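Architecture and fold: a report
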Amino acid sequence: MNQLRLRLMFPMMLFGWLPAIGAAQLMGNSLDWFFSQWGFVLLASVFIGGYLLSGWALKPATAIMNTTASVMRGVPPTKEMSDWLPQDFWKLRCDINMLFAKHRQSLNAAETHASQTAQRLLNAERLLREAFTALQGIFAASDEGVAVVDSSGNIIASNAKLDEFLGHPLEEVGGRNVQQLMQAIASRFVEKERMLQWISATDANPHLRDEVEAELADNEHRVFSLRTTPMQTDHGEVIGRLWMVRDCSEVRGLKKQLRESQKLGTIGQIAGGLAHDFNNMLTAIRGNLTLAELSPGASNTPDVRDKLQNAGHATQRAAELVKQLLCYSRRSPDAQLRKVTNLKRLLADVQGLLKHSIDPRVTVRIRAGMDASFALADATQLEQVVLNLCLNACDALPTDNGIIEIGIENVMHRTPSGGDTCEFVMIAVRDNGSGISEEMRHRIFEPFFTTKDPGRGTGLGLSMAQDIVREHGGWIEFDSVEGQGTEFRVFLPRTEDPENIDDSTPAYDTRLAQLPTGQRGTILVVDDEAPVRSIAVNMLSFLGYRVLEAGDGQQALDIVFRSGEKIDALLLDIYMPKLSGRDTFKQLRAAGNDTPIVICSGFVIDPDEFTILSEGRCPPVDIMLKPYSLDNLSKSMAKAVKTAHAPETFSRQMAPVMAA
Ligand code: ADP
């Protein structure tokens, strides 16, 4: 402030003193007085007085300026300043400040809110844009031709697929008018009038959703579906309608194939049941033939013996066919039925089967000089595979001079997955038929793919063959030259161990028949089918056993537990009324009875099932599939009786072996 006062003093002095001198001059007074001693005293007094006066006069002004600055900054003034201002002014100023502060706070909050809302809006817009792009993509890429129609009947959107269906862009067909679109859609179908009727009936009911399938008028027999559905708001208000067209020829074809395969499944089930009954009948026929063959009268007459043997072979073939039926009906638990199989013999069997089922003009030959080859396989399934390849070859052969050649070779080969080189058996089936065209080659293993007429081919043969071979750890390859022929090659892991191979040399000794009945032990035959039971009784009696009979499981339990008979072994059928073979077995073992049991059945049985049923006691000694031969029966029962007489050899872990 002092600086300000000084700064004010000089101009005051300048503009006060000089005019005073001027005035004195004008009035004719001498100026000497001003420069005399008294003049200087006056000057000094004026200066000091002015200085003091300005200090007093400027103080309130300075206070007001400082206070105003404090007020503007919103801070309280110093005491000195407040002394100069009225108290109310301060209260007012504080209220105003409070108001300003509150206002600023709400302004800040509003600003934050606005920026957050703006951010949210930006995000929402981005999401909306993304969703719209995605929807547009889906709409454009849809397999269906789609038209979106608003409530006034204007087409507001459509996709390229619809243009494709119509054969022209929508604009060319009839612009955005739904009536013209419907006309155009209907005229693409064979039954145009029916389609138009359906469209107008559907359109009349705004809430209706419906679909119709019809054939296209394009000579390609394609079937399209026309579908419509209303567009509704959340409140159920109808705001438009969607029309969709789609090619459903493939789906229709698949549905038809599904029906076919369901039919096949049913046939398979029936076949399974039939096979069981056939096996029972064949057991009786085969057994009687064997007994007749072995009777002393027959051996004296070679003619009769030949006839009996022929009948026996025919029964054997019938049994093989039944085995295949069982395989088709998929009652066979695959892995359990695998045993070391002589593939050379298997091919010979297939050749035998083919002789009876294909055109006799076709030559089926087994390649000469084949390796002895064995594989761990389910012989029935494998037979099915080779048979199928041969029948396919047969269908492709020319009417004259058709040749099918089957061969086996032991090869070293890498697995298709590029693994190590291993030993495989390769079964090759070659024909000089029509071959497989380039376009078909990648499709022939597809289920239901067939080029054969309806009723002649199901398209399941190769896919089933591939499944079976893969389950055996192998694979199938083929080469084909159109017009010259095809070769299919089946690769299977090779095994050297011929231990489990079924040896068909008879195990029974005809001299055993001379043994007095009962000398070899007592056997209880349990079977509900009287002819089957009777043949088992006759065969076992022929083999020198004393035989007891039971018509069902309950009777068998009564004989075992109450008759007091000493029984060495049981021959137990599985499927019986009242008490099944399974339950009989379970009850015997549960009661602590360990009599050796041979299971026989018309169905393929899973041996593991009986190991579980035996609950730690003795599992079955053997499992025989009907119709069993005298040889098999003899071997199995001998094993059982031997076990009964030497219980220490009866290993509880013994795995039963299937016998055919
Ligand atoms: P299906 O025999 O019931 O038609 P497959 O799955 O066994 O079914 O065969 C599929 C198709 O593979 C056959 O329809 C046929 O066109 C073709 N095919 C298979 N084997 C041969 C072959 N040896 N020669 C020519 N074509 C074959």
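My aim in this report is to walk through the structure given alongside it, one point at a time. Computed from a prediction, not measured in an experiment: that's the story for all the values here.

Conventions we followed
- The residue numbers shown here count from 1 along each chain, following its written sequence.
- Only residues with pLDDT of at least 70 are given local features in this predicted model, and only at 80 or more are side-chain atom pairs given and counted; all residues enter the totals for whole chains, interfaces and linings.
- Water and hydrogen atoms were dropped before computing side-chain values, which therefore reflect all heavy atoms in the structure.
- Working definition: with a 1.4 Å probe on protein chains only, accessible area under 20% of the residue-type maximum means buried, over 50% means exposed, and in between means partly exposed.
- Strands here are runs of E lasting at least two residues and helices are runs of H or I lasting at least four, both read from the DSSP assignment and numbered beginning at the N terminus.
- Being paired, for any two strands, means DSSP has found at least two bridges between them.
- Residues belong to a common nonpolar core when they are buried Ala, Val, Leu, Ile, Met, Phe, Trp, Tyr or Cys residues joined through side-chain atoms within 4.5 Å.
- The contact criterion used is simple: two residues touch if any of their non-hydrogen atoms lie within 4.5 Å.
- A helix is expected to span 1.5 Å for every residue after the first.
- We define a salt bridge as a side-chain nitrogen of Lys or Arg found within 4 Å of a carboxyl oxygen belonging to Asp or Glu.

A separate point is the pairing of strand β4 (residues 223–232). Within β4, eight of the ten residues are buried, which leaves it mostly tucked inside the rest of the structure. Examined bridge by bridge, strand β3 (residues 210–215) and β4 share six bridges and lie antiparallel to one another. Opposite Val212, over in β4, you have Leu226 as the bridge partner. Relative to strand β5 (residues 238–247), β4 runs antiparallel, the two sharing nine bridges. Considered in β5, the bridge of Thr229 is made with Leu242. Hairpin connection between β4 and β5: a loop of five residues separates the two successive antiparallel strands, and Gly236 in this loop has a positive phi of roughly 90 degrees.

Core analysis: the biggest nonpolar cluster contains 40 residues, and Val386, Ile404, Ile406 and Phe488 have the highest contact counts within it. Listing elements by their share of this core, those giving two or more residues are α12 (343–357), β8 (374–377), α13 (379–396), β9 (403–414), β10 (421–431), α15 (461–471), β11 (475–481) and β12 (485–493). When residues of this core are assigned to their parent elements, the largest contribution, eight residues, is made by α13. If near-sequence neighbours (up to four positions away) are discounted, Phe488 is found in contact with Leu389, Ile427, Ala428, Val429, Ile436, Ile444, Phe445, Leu462, Ile476, Glu477 and Phe478.

Let us look at helix α16 (residues 530–542). When the terminal C-alpha atoms of α16 are compared, their 18 Å separation across 13 residues agrees well with the 18 Å that a helix rising 1.5 Å per residue should span. Those residues of α16 that sit buried are Val532, Arg533, Ile535, Ala536, Val537, Met539, Leu540 and Phe542. Downstream of α16 by one or two residues, Gly544 has phi in the positive range, about 95 degrees.

Turning to the pattern of salt bridges, a few remarks are in order. For the structure shown, the criterion picks out 31 salt bridges. Across the pair Arg126 and Glu130 runs a salt bridge, and its minimum N-O distance is 3.3 Å. On the criterion of helical spacing, the pair formed by Arg126 and Glu130 is a turn pair, its members being four residues apart in helix α4 (residues 87–141). With a closest N to O distance of 3.9 Å, Asp247 and Arg222 form a salt bridge. Placement of Asp247 in strand β5 and of Arg222 in the loop between β3 and β4 is noted, with a sequence separation of 25 residues between them. Judged by relative accessible area, Asp247 falls into the partly exposed class, the value being 35%. Overall, the relative accessible area of 26% leaves Arg222 in the partly exposed class.

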